[in-house]
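Here are the chains, one letter per residue:
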Amino acid sequence: MITIDNLSKTYGSQTVLNIESLEIPKGQSFGLVGNNGAGKTTLFSLLLDLIQPSTGHIKNNDVQVDKSEDWKPFTSAFIDESFLIGYLTPEEYFYFIGELRGRNRADVDSLLANFTDFFHGEILGQKKYLRDLSKGNQKKVGIVASFIGNPEVVILDEPFANLDPTTQIRLKSIIKDLAAKEGVTVLVSSHDLMHVTEVCERIVVLNKGELVKDIKTSAETLKELETFFAG
Amino acid sequence: MFKHFFSLQWKSFFRSASFKTEIWFKILMLFGALYFIAVFLSLGFGAYFMIEKSGLGDPLRVVNQFMIYYLAFELVFRYMLQKMPVTNIKPLLYLPFKKREVVNYSLGKTIVSFFNWMHAFFFIPFSIILLVKDYNAMGVIGWHLAFLAIIYCFNFINVLVNNKDPFFYVFAGLVVFLGISQYNGWFDITIYTKPIFNFFYDVPYSALIPWVVLLLLYFITFNYFKKHMFLDGGLAVKKEEAKTENLDWLNRFGNLGTFLKNDIKLIKRNKRSRTAVIMGFFFIFYGLLFFTGSIEVYDGPFWRVFAGIFVTGGFLFSFGQYVPSWDSSYYPLMMSQNIKYSEYLHSKWYLVIIATIISTVLASFYLYFGWEAYAAVLVGAIYNIGINAYLVLWGGAYVKTPIDLTSNKKAFGDKQAFNSKTLLLTLPKLLLPMLIYAIGHFTISPLAGYLFVAAFGLAGFIFKNRVFKLIEEIYKKEKYKTLKAYKQK
């Protein structure tokens with residue numbers, strides 16, 4: 001689904017990302033871990049064509065993302081609060097995204113119905129604009145909005161941060177289901193090793209922009225990662 | 001303590017993203033400031049002689065008579081433009097500063113604001129001339145000091161009423177009403193206010209009164225701030241009750257409707273954008289300065305075209321100017337969604353066009369000043385739709401100042417409702433139509449001048465698709481730079 005070839009991003013003399021090659025097959029749940037400054041968000045921003053690569057390119061379903069915009073209909077993402085429109089209510093935001101992705105209100109409503117538990121009664125019908133929601137609730141809205149319109153690729157940056165424990169557990173099962181049952185390629189980054197090992201079939205470790213580990217998740221993976229990050 | 005505050009302020013000023021603009025912008029802004037200083041200075045030096053020559057009576061008394069309007073405008077102007085200096089106070093709360101010091105520092109900062117000392121350019125030369133003209137020295141000094149105190153009183157009043165819009169609209173309405181009343185001879189407020197200002201001159205010691213008021217106001221503001229310096233008090237973000245709106249009637253426009261719906265909500269729900277619309281509305285009355293012949297220099301024929309452009313283009317200039325910055329806080333979303341630039345731009349374009357048409361209809365009262373006046377308005381509207389609507393969208397690709405839509409919502413937030421940089425960008429949009437008109441006016445006739453300008457506008461309308469393609473390309477090219485700029489708030 002996603003092919004990365006000779007990709008690098010350099011600011012001045014500092015290389016923040018340098019990946020020779022990486023292949024993510026369709027329907028894989030893919031985890032990205034690394035310390036601050038490892039290049040996780042840079043990689044995701046490159047995937048969404050929000051920044052330009054210094055060398056190389058990314059192909060998303062054979063579309064080169066910095067050349068054509070044809071990857072947009074089947075790709076969705078939630079990176080940070082800059083993906084939210086603060087002056088809309090959650091409902092309006094979902095419908096807005098729905099309209100952009102060719103889904104009418106009924107489609108969106110039926111999708112939202114699956115997330116009643118996840119929202120925990122704090123999102124819909126609250127008479128609040130997104131900007132007035134707490135960080136955690138904003139995140140819930142952004143994550144669910146990225147599921148609208150049956151995307152084939154979903155990119156989530158730090159989805160577990162700021163969420164309460166109950167929601168974290170629910171989110172884990174949602175992500176697992178997406179990849180396993182619906183064949184969606186899910187890319188997740190996290191600082192929490194436990195969460196990624198639980199959710200992802202494959203984990204890639206970035207360190208200072210370089211790909212240092214590429215692990216197929218197994219029972220030993222958590223231990224291995226902990227040893228690596230302990231230095 | 002003061003040293004810390006000062007260095008913070010220094011850094012926040014010189015490291016702000018907007019400060020790092022291109023050099024020619026800085027030069028233009030400098031010229032703008034110099035222009036205002038020159039206007040005030042010439043008023044200060046010239047007012048005395050102008051009044052004396054026109055035989056209205058004792059210049060000081062005449063100035064005192066109209067002073068109430070000067071002060072009223074100063075307060076309105078201040079309310080709209082003066083930034084509240086109390087931003088960035090949150091991080092200071094946790095640090096070992098005494099609250100008293102933080103408040104004193106914040107209020108102290110307002111004292112050096114441009115809005116206070118710009119009046120010196122009028123009052124100092126005017127007072128000097130009075131002294132030279134053998135007015136009672138004590139009286140002049142008393143009068144001068146009294147106004148110094150009054151200006152500073154206004155400074156603190158403004159801090160106190162900041163963000164209390166009802167107050168502002170009532171006050172602004174009152175000023176306009178009083179002005180109209182006086183013009184039509186119904187009621188003359190100046191009869192009641194003039195003696196007060198004269199009193200400062202006649203009894204110099206009375207200048208103490210405004211100073212006492214000033215001190216009092218300082219203490220009130222100080223206490224008000226100190227009492228409200230809590231996260232859930234004055235520093236809390238006010239939350240409006242939200243209601244979901246469907247605006248289904250826009251669905252018939254397809255994807256364009258989706259954006260239009262969003263833009264309407266954007267305008268309605270954010271103070272910053274509302275301010276832009278209100279400013280646009282007031283532009284409609286700008287033409288009165290030209291068509292009533294109240295200002296001599298504006299009597300030249302091509303000033304009418306200038307007025308026409310402004311009267312109908314208020315929204316275009318105040319809102320259109322900032323496309324796409326209105327969407328800056330969620331630009332990454334827009335750029336990664338399934339969106340065509342042309343639809344996005346079209347939606348903004350339609351908004352501008354609709355607003356221009358509404359302004360043109362509202363401005364039909366200019367018919368009162370003769371068909372030529374309204375012809376200028378109509379021609380201005382055609383030019384705005386045909387040419388300027390593209391120019392603002394085009395210019396927007398380069399503006400790249402992120403807009404914090406919610407900044408006005410913070411109780412002590414800053415008001416950046418308008419900046420001189422974007423105002424300066426409007427100049428080419430005004431000079432070209434004037435030039436076109438002048439060519440027609442001087443080679444054939446005034447009517448031909450109007451027709452020329454209108455023809456230009458219509459021509460622009462015909463090339464719409466091509467122009468949009470061009471603008472789209474520019475937006476695409478600027479995409480990464482824009483994304484980067486919007487990230488630095």
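Rules of the game
- Residues numbered from 1 in each chain as written.
- Chains lettered and ligands numbered in written order.
- Predicted model: local features only at pLDDT ≥ 70, side-chain atom pairs only at ≥ 80, totals over all residues.
- Heavy atoms only, no water.
- Contact = heavy atoms within 4.5 Å.
- Buried area = accessible area lost by both parts, 1.4 Å probe.
- Salt bridge = Lys/Arg side-chain N within 4 Å of Asp/Glu carboxyl O.
- Polar contact = N/O pair within 3.5 Å; in protein donor to acceptor, adjacent residues only side chain to side chain.
- Helix = DSSP H or I, 4+ residues; strand = E, 2+ residues; numbered from the N terminus.
- Nonpolar A, V, L, I, M, F, W, Y, C, P; charged D, E, K, R; others polar.
- Buried < 20%, exposed > 50% of the residue type's maximum accessible area, 1.4 Å probe, protein only.
- Pairing = 2+ DSSP bridges.

A. Representation of the interface of chain B and chain A. In this assembly, 38 residues from chain B lie in contact with 32 residues from chain A. Carbon and sulfur atoms supply 52% of the area that chain B and chain A bury against each other, a total of about 3200 Å² over both sides. Inspection of the region where chain B meets chain A yields five salt bridges. When the shortest N-O distance is used, the salt bridge between E92 of chain A and K265 of chain B registers 3.6 Å. Counting across the chain B and chain A interface gives twelve residue pairs in polar contact (both at pLDDT 80 or more). Residue assignment for the side of chain B that touches chain A shows that the elements contributing at least two residues are α12 (255-269), α17 (331-336) and α23 (464-487) of chain B. For the side of chain B that touches chain A, the class distribution of residues is 13 nonpolar, twelve polar and 13 charged.

B. Up close: the side chain of S181 of chain B. Residues and elements named next belong to chain B. In this structure, S181 sits in helix α9 (residues 165-184). When its relative accessible area of 1% is taken as the criterion, S181 is described as buried. If we skip the residues at most four places from it in the chain, S181 touches W186 and F187.

C. Geometry of the pattern of salt bridges. Here the structure, examined in full by the defined rule, presents 18 salt bridges over all chains. Three or more residues are tied together by salt bridges with common partners; here these are E69 and K72 of chain A together with E472 and K476 of chain B.

D. Molecular detail of the pairing of strand β9 (residues 202-207) of chain A. All names here are of chain A. Burial analysis of β9 places five of its six residues in the buried class, the great majority of the element. With four bridges connecting them, strand β3 (residues 29-33) and β9 associate as parallel partners. Counted as the bridge partner of F30 is R202 from β9. Between the antiparallel neighbours β9 and strand β10 (residues 210-216) lie two residues, among them K208 with a positive phi of about 50°.

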